[in-house]
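Fold and geometry: a report
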Amino acid sequence: MTARRRATGFLIGFSIAAALLFAGLVSLGVWQIQRLHWKRALIHQVETRIHAPARPAPSSAGSDDAYLRVTARGTFLHDRAALVQASTVRGLGYWVMTPLRTDRGFTLIVNRGFVPSEERSSYARPGGVVRVTGLLRLTEPGGGFLRANDPSGGRWYSRDVEAIARAKSLPAPVANYFVDQEQAVPANGFPVGGLTVVRFPNNHLPYAITWFALAAMVAGAYIVVMRHEWKARHA
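Reading the values: rules and limits
- Residues numbered from 1 in each chain as written.
- Predicted model: local features only at pLDDT ≥ 70, side-chain atom pairs only at ≥ 80, totals over all residues.
- Heavy atoms only, no water.
- Helix = DSSP H or I, 4+ residues; strand = E, 2+ residues; numbered from the N terminus.
- Expected span 1.5 Å × (residues − 1).
- Buried < 20%, exposed > 50% of the residue type's maximum accessible area, 1.4 Å probe, protein only.
- Salt bridge = Lys/Arg side-chain N within 4 Å of Asp/Glu carboxyl O.
- Contact = heavy atoms within 4.5 Å.

Topic: helix H3 (residues 204-233)
An ideal rise of 1.5 Å per residue puts 44 Å on 30 residues; H3 measures up with 44 Å between its terminal C-alpha atoms. Buried residues of H3: His204, Ala208, Ala215, Val218 and Glu229, and no others.

Put into structure tokens, the structure is as follows:
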């Protein structure tokens, strides 16, 4: 009789654990399906934005403004540019982050494009009033992977708008984002613009299938155990 009670208690505990595990795995699968719909909507939104007519660059932007195509007029402050280490399809080098004092009274940091290390001192620096068109990008605070920005040493590993503005004493107000300039072809070929990589990992469907498959395995294992117990009790 005692053994029967222990077996019953075990089965109750096993049933509760299996139910909780099954519910948790199904919840994870549903969450991944929701993320899949969100990611697809985001990709569609960005694809629409990058091909839309450029709008005037705002003086500030929020997270919902990423990858808007914008335009601005002004004068480059080449003496306050920052070179940020970059790895691109053209190899290793730097992004040329140059402030633009716009004709609307605010400063906008422009990623003019890529220069290889050997061209870091000889890239083109257009003077006078220029018009810049490109994609609005959110700031990248802190630094790169395992490498913090070193403003005092002039070593930059991420495009941190606030830190660059502070280190270079840029005239206020400074927009809280930067712009990836579209392809421009200066006389000596550098910097090379238009290298923005618009790619969003979308692995949510395989993840959802994995979670649902694990939930099905838990259900199958539970059924097998309970059938075995039922046969043993009725033998």
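Points about the pattern of salt bridges
Evaluated as defined, the whole model comprises seven salt bridges. Measuring nitrogen to oxygen at the nearest pair gives 2.5 Å for the salt bridge that ties Glu182 to Arg69. Note that Glu182 is positioned in the loop between strand E9 (174-181) and H3 and Arg69 in strand E2 (residues 69-76), a separation of 113 residues in sequence. Given the relative accessible area of 27%, Glu182 is considered partly exposed. We classify Arg69 as partly exposed; its relative accessible area is 22%.

Things to note about the environment of Leu135
Assignment of secondary structure puts Leu135 in strand E6 (residues 129-138). Along the backbone, Leu135 and Ala57 are 78 residues apart, and their C-alpha atoms lie at a distance of 9.7 Å. If sequence neighbours within four positions are ignored, Leu135 has contacts with Ile50, Tyr67, Leu68, Arg69, Phe178, Val179, Asp180 and Thr196.

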